[in-house]
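Fold and contact review
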Amino acid sequence: MGQPPMGRLLVDDLADVRAGDKGDTLILAVLPREAAHYVVLERTLTAQAVARHFGRPDDVTRTVLPHLPALVFRLPAILGGGVTGYPGLDGHGKTLGYHLLMFPVES
């Protein structure tokens, strides 16, 4: 395990993101690839920062799971009614996981 690369990075450079849904709530799990990356992501990916990234009010919650390690974000009412009620193509919110991968990170 090494140090994260220096300079301006994206979440995509340090972690993988898995997306899931519960009704119209999006759940995003950020899974760092190395222990050193977890420290950077935990510092950078606050609930408020993720809310801003998605253009949300401060309704995003973050759960820290240091022993996994992972960060889990809950974004309520973002999927427009959920799988059966959403008129768009991404009722599960999978493409929103890619949006989080584009979040800029300062190492």
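Placed above this text is the structure.
A short tour of the structure in this document, coming up. Keep in mind it's a predicted model, so treat the numbers as computed, not measured.

1. Some points on the overall build of the protein chain
- Within the protein chain one finds 4 helices and 6 strands.
- Mapped from its N terminus to its C terminus, the protein chain presents α and β elements in the order β-α-β-β-α-α-β-β-α-β.
- Looking at the 107 residues of the protein chain, the share that counts as buried comes to 41%.
- Carbon and sulfur atoms form 57% of the exposed surface of the protein chain, whose accessible area is close to 5900 Å².

2. A word on the sheet that holds strand S2 (residues 15–22)
- Reading across the sheet, the 4 strands line up as S2-S3-S5-S4 and stay open at both edges, with antiparallel pairing between neighbours. The strands lining the two open edges of the sheet, one partner per strand, are S2 and strand S4 (61–65). Between one strand axis and the next, the sheet turns through 20° on average, direction left out of account.
- Two strands pair when backbone bridges link them, and S2 and strand S3 (residues 25–32) are joined in this way by 8 bridges, in the antiparallel orientation. Looking across to S3, one finds that Lys-22 is bridged to Thr-25.

3. A short note on unusual backbone geometry
- With an omega dihedral of -15°, the bond running from Leu-68 to Pro-69 counts as a cis peptide bond.
- As for its placement among the helices and strands, Pro-69 is situated in the loop between S4 and strand S5 (70–75).
- One non-glycine residue with positive phi stands out, namely Ala-77, at about 55°.
- Here Ala-77 shows up in the loop between S5 and helix H4 (94–101).

4. Observations concerning the pattern of salt bridges
- For the structure shown, the criterion picks out 3 salt bridges.
- Note that Arg-33 is salt-bridged to Asp-12, the shortest N-O span being 3.9 Å. One end of the pair, Arg-33, is in the loop between S3 and helix H2 (35–44); the other, Asp-12, is in helix H1 (residues 11–14), with 21 residues separating them in the sequence.
- Taking the relative accessible area as the measure of exposure, Arg-33 reaches 41% and is therefore partly exposed.
- Looking at Asp-12, the relative accessible area reads 34%, which means it is partly exposed.

Reading the values: the criteria
- Residues numbered from 1 in each chain as written.
- Predicted model: local features only at pLDDT ≥ 70, side-chain atom pairs only at ≥ 80, totals over all residues.
- Heavy atoms only, no water.
- Helix = DSSP H or I, 4+ residues; strand = E, 2+ residues; numbered from the N terminus.
- Buried < 20%, exposed > 50% of the residue type's maximum accessible area, 1.4 Å probe, protein only.
- Areas by Shrake-Rupley, 256 points an atom, 1.4 Å probe, with all protein chains shown as cover.
- Pairing = 2+ DSSP bridges.
- Axes fitted to C-alpha atoms, helices over the stretch in contact; angles between N-to-C directions.
- Salt bridge = Lys/Arg side-chain N within 4 Å of Asp/Glu carboxyl O.

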